[in-house]
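Read off the chains here:
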Amino acid sequence: MYQYNDDDQTLVNERVAQFRRQTGQFLKGEITDDQFRALRLRNGLYIQTHAPMLRIAVPYGLLNSRQLRKIAHIARTYDKNYCHLTTRQNIQFNWPKLEQVPDILAELASVQMHAIQTSGNCIRNTTSDHLAGVCVDEIEDPRPYCEIIRQWSTLHPEFDFLPRKFKIAVSGALHDRAATQFHDIGLHLVKNDAGDIGFRVLVGGGLGRTPVIGQVIKPYLEKKYLLSYLEAILRIYNLFGRRDNMYKARIKILVKESGLENFAALVEQEWLLTKDTQVVSDGRIAALKMQFNAPAYEADAAQDNSFAQRQQENPAFALWVKHNTVAHKVSGYRAVFLSLKAPDAPPGDMTDAQLDTVADLADQYSFGEVRSTHRQNLIFADVKQAGLFPLWQQLDAIKLATPNIGTATDIICCPGLDFCSLANASTIGISKEINEALDNMDYLHDIGDVKINMSGCMNGCAHQSVGHIGVLGVDKKGVEWYQLTLGGSSENEAAIGERLGPAVAKNEVTRAITAILEVYVKQRLDDESFLDMVKRVGIDPFKEQVYANH
Amino acid sequence: MQIIKDKQIIDDSWRYISDDAELKAGNITVPLARWQQDKQQLLESDGPLGVRISATDSVADIAIDLKNLQLIELDFPSFADGRLFSQAWLLRRRYGYQGEIRAVGHYMPDQVFYLSRVGVNAFKPDEAERLTVELSHLNDFTVNYQESVN
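Everything numeric here is computed off the predicted structure, so don't read it as measured data.

Analysis parameters
Residues numbered from 1 in each chain as written. Chains lettered and ligands numbered in written order. Predicted model: local features only at pLDDT ≥ 70, side-chain atom pairs only at ≥ 80, totals over all residues. Helix = DSSP H or I, 4+ residues; strand = E, 2+ residues; numbered from the N terminus. Rg over C-alpha atoms; globule rule 2.2 N^0.38 Å. Buried ≥ 20, exposed ≤ 12 C-beta atoms within 10 Å, placed from the backbone. Contact = placed C-beta atoms within 7 Å. Pairing = 2+ DSSP bridges. Axes fitted to C-alpha atoms, helices over the stretch in contact; angles between N-to-C directions. pLDDT = per-residue confidence, 0-100. Domains from an automatic or database assignment. Nonpolar A, V, L, I, M, F, W, Y, C, P; charged D, E, K, R; others polar. Core = buried A, V, L, I, M, F, W, Y, C linked by C-beta atoms within 7 Å. Parallel < 35°, antiparallel > 145°, perpendicular 65-115°, else oblique. Expected span 1.5 Å × (residues − 1).

Trainee: Hey, could you run me through the overall build of chain B in this one?
Mentor: Helix and strand counts for chain B stand at 4 helices and 8 strands. For chain B, whose C-alpha radius of gyration is 15 Å, the value lies close to the compact-globule estimate of 15 Å for 150 residues. In chain B, which comprises 150 residues, the proportion classed as buried is 36%. Within chain B, contacts between residues at least 6 apart in sequence are counted, and of these 51% link residues at least 24 apart.

Trainee: Any chance you could explain the sheet that holds strand β14 (residues 369–372) of chain A here in plain terms?
Mentor: Note: strands within a sheet are paired through backbone hydrogen bonds, in either parallel or antiparallel orientation. Residues and elements named next belong to chain A. Here we have 5 strands laid out as an open sheet, ordered β3-β14-β15-β12-β11, and antiparallel in their pairing. Of all strands in the sheet, those bounded by a partner on one side alone are β3 (62–64) and β11 (325–327). Between one strand axis and the next, the sheet turns through 30° on average, direction left out of account. Sheet topology places strand β12 (residues 333–338) next to strand β15 (residues 378–384); 5 bridges connect them, and they run antiparallel. The partner of Arg334 across the bridge, within β15, is Val383. Contacts from helix α13 (residues 385–397) reach β11, β12 and β15, with the element oriented near 140° to β15.

Trainee: Is there a simple way to explain the sheet that holds strand β8 (residues 185–191) of chain A in this structure?
Mentor: Residues and elements named next belong to chain A. If you trace the 5 strands from one edge of the open sheet to the other, you get β6-β7-β8-β9-β10, paired in mixed fashion. Of all the strands in the sheet, the pair left with one neighbour each is β6 (127–128) and β10 (215–221). Where β6 lies against strand β7 (residues 168–171), 2 bridges are found, and the strand directions are parallel. Each bridged residue has a counterpart across the sheet, and for Thr127 the counterpart in β7 is Ala169.

Trainee: What is the right way to look at the pairing of strand β17 (residues 452–455) of chain A in this model?
Mentor: Each regular strand carries side chains that alternate between the two faces of the sheet. Residue and element names in this part refer to chain A. Both faces of β17 are covered, namely the face carrying Ile452 and Met454 and the face carrying Asn453 and Ser455. Bridge analysis of strand β16 (residues 412–413) against β17 gives 2 bridges, and the strand direction is parallel. Counterpart to Cys413 in the pairing with β17 is Met454.

Trainee: Quick question: what am I supposed to make of the confidence of the model for chain B here?
Mentor: Where the model shows low pLDDT, its predicted coordinates should not be examined in detail. Overall, the predicted model of chain B reaches an average pLDDT of 95, with 100% of residues at or above 70. Interface predicted TM-score (ipTM) for the complex: 0.98; the corresponding pTM is 0.96.

Trainee: Explain the domain arrangement of chain A here, please?
Mentor: Often, the extent of an interface is quoted as the loss of accessible area on bringing the components together. All names here are of chain A. Domain annotation for chain A reports domain 1 (6–109), domain 2 (142–283), domain 3 (302–397) and domain 4 (412–546). Computed from C-alpha atoms alone, the centre-to-centre distance between domain 2 and domain 4 is 31 Å. Across the contact, 10 residues belong to domain 2 and 11 residues belong to domain 4. Among the residues forming the side of domain 2 that touches domain 4, the class breakdown is 5 nonpolar, 3 polar and 2 charged.

Trainee: What am I meant to see in the nonpolar core here?
Mentor: The tendency in soluble globular proteins is for nonpolar side chains to be buried side by side. In this structure, A:Ile233, A:Leu338 and B:Ala88 are the most contacted members of the largest nonpolar core, which totals 146 residues. Take this core: its biggest share by element is 10 residues, from helix α6 (residues 226–240) of chain A. Not counting residues up to four positions away in its chain, the partners in contact with A:Leu338 are A:Val358, A:Asn377, A:Leu378, A:Ile379, A:Phe380, A:Leu395 and A:Leu400. Of all hydrophobic cores here, the second largest spans 42 residues; its members include A:Ala408, A:Ile411, A:Cys461 and A:Val509.

Trainee: Help me understand the interface of chain A and chain B in this model?
Mentor: Facing the 26 residues of chain A at the interface are 23 residues of chain B. Where the side of chain A that touches chain B is concerned, the elements lending two or more residues are α1 (6–27), α2 (33–41), α5 (143–153) and α6 of chain A. Ranked by residues supplied to the side of chain A that touches chain B, first place goes to α1(A) with 6 residues. Classifying every residue of the side of chain A that touches chain B gives 10 nonpolar, 10 polar and 6 charged.

Trainee: Looking at this model, I keep getting lost on the packing of α1(A) against helix α4 (residues 101–109) of chain A. Mind explaining?
Mentor: For any two helices packed against each other, the geometry comes down to the angle between their axes and how far apart the axes lie. Residue and element names in this part refer to chain A. Here α1 crosses α4 at 175°, and the two axes come no closer than 9 Å. If you check the angle between α1 and α4, you find them roughly antiparallel. Residues Val12, Asn13, Val16, Phe19, Arg20 and Thr23 of α1 form the contact with α4, whose participating residues are Val101, Pro102, Leu105, Ala106 and Ala109.

Trainee: Just to check I follow, could you spell out helix α2 (residues 83–94) of chain B for this structure?
Mentor: Residues and elements named next belong to chain B. The end-to-end C-alpha distance of α2 is 15 Å, a good match for the 16 Å that 12 residues give at a rise of 1.5 Å each. Counting buried positions along α2 yields 9 of 12 residues, so the element is predominantly enclosed. Note on α2: the residue one or two positions beyond its end, Gly96, has a positive phi of about 60°.

Trainee: Just to check I follow, could you spell out the environment of A:Arg200 for this structure?
Mentor: Residues and elements named next belong to chain A. Residue position: Arg200 is located in strand β9 (residues 197–203). On the basis of neighbour counts, which here come to 18 C-beta atoms within 10 Å, the residue Arg200 falls in the partly exposed class. For the pair Arg200 and Ala294, spaced 94 residues apart in sequence, the C-alpha separation works out to 25 Å. With near-sequence residues (within four places) excluded, Arg200 lies in contact with His188, Val190, Val216, Pro219 and Tyr220.

Structural data, given as structure tokens:
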């Protein structure tokens, strides 16, 4: 994992001092509301329904146990003993006090963390594959490049006041787990015909109000040009992106209105003038790769027999292994998902006690590191198979072992009306209802891979438009209604969900979802997945069932 | 009226002549449209010249004139409009402009550090109290991660 050098530490310390000064000036009335808004957003601070909300950056989802303990400490000291994981792999606190935020940021800086650019119209936290470095289908580990982008984008003087927010994701594997096709810029490590590895660059993807699938702007970019090319895209966007209407200000609209070809030509023209500046040297890449070296795996981890035996003896353990762990590139190891979707807990929330225990377990079982996923769960990336059984028992004791990863109860859910000032409708209560309706694990596992994403407003923080089943809360004359979509996906076969029909009432959402799943169970072919069946039959059979009695 | 230039508070010797005001001799800046319209007349007058550009202008339009201009003013319509950050970068890096680049209008004091990095070397705040504030904000950071002008 990347460790700060003196310059990194100085930068975050100076940022804390700057925000402390800005907050003081605001509280004394020396900075206007408007100005302070722009400044606090760039430090992750929103003013929400009940209290400020502070979003802290987890660069490409990597955390160590020391950082987790600090998060637990902050949750205890400055918040109501819990935090929330976001779809950008970040962490949010829902109850900090404005005047204490500089202290919280100072606490974070002491463990090499910050909240820089987690909000505002600037370049946001770069996200990546949560299985980077350990998955079996990797072309190259994307994390060194994520770190290069993190540094480049942090306090970028030219691009801090963009037309709108800007999100970059990097994937290094064959299977896209980072939703790169739905980012302002998506980067894919690819091998060219000569066998060299570079980037396929996508531009103009995005979710929110107008979901768009990103388009390839450069099929192959040499690594050394990574930053000059990003800079060229950002400069064109900064100069020409729309600023007259915030709903049309994302780069996807500029790309659409200019046409990809014209936009690409502008970028190319800009890039050709600057491509030899800020070249990413082989030496720099090599030095950063050292920071993401594989941990000291035990050569004989695969020799262990207890793992197979425990699975035979204990069906509950076997079930958890099947659903909540995945293959690792090193024999004898597996990557373990910690489900933050227990039936009785709000999706993505963690208590301070859970955070502390997870930190201890990370030290004990996974080289002291944890990852956050964009589906709001955690991962121990490097657990040897002999450790899985005792780890499972200890995770179960803190309710982080619900064997539902990738199933219909592993719901991505925004905080909704309960916490968010932008929301039109509540989400957490419905998620709980769905969880209760699908409490039969056998049925849940029989349904298999179904991704339900639920947002409480058009901003779409929970990425409902790419959910296999998407749920979008809307407000109609003061009443909460929910639009359903089917067939979305943020993975390789990127697709935007199709609207099922008229919005349903709040008390009908769970029934509608169970009806959709019943249609699937009845009409699927052999081991056809939910998404495949939707593609095959379209939405009509589901529509008939959901609206049958209306 | 005073301004900040090259990290010093100094007296401002420049006068801004709007589109319809009468041209005067001496250190004057004019809007880009006026420059384009009265360029010959301006070049024949005595004294240094400057052009004030807005966020919607393109610095490419004055690229060939830069050798005749001692000052480019970047007029911020709002602090949220970041186009002028790229315009400043283009002036310095693309067109090699060596003269004064000055931020005027609705930029905010907390932006002067970034502005200085993209090549702005002078600041004209609306209120005199802001001079010392902005001067100190120029030193908010001692480290940075990326290439820019400074």
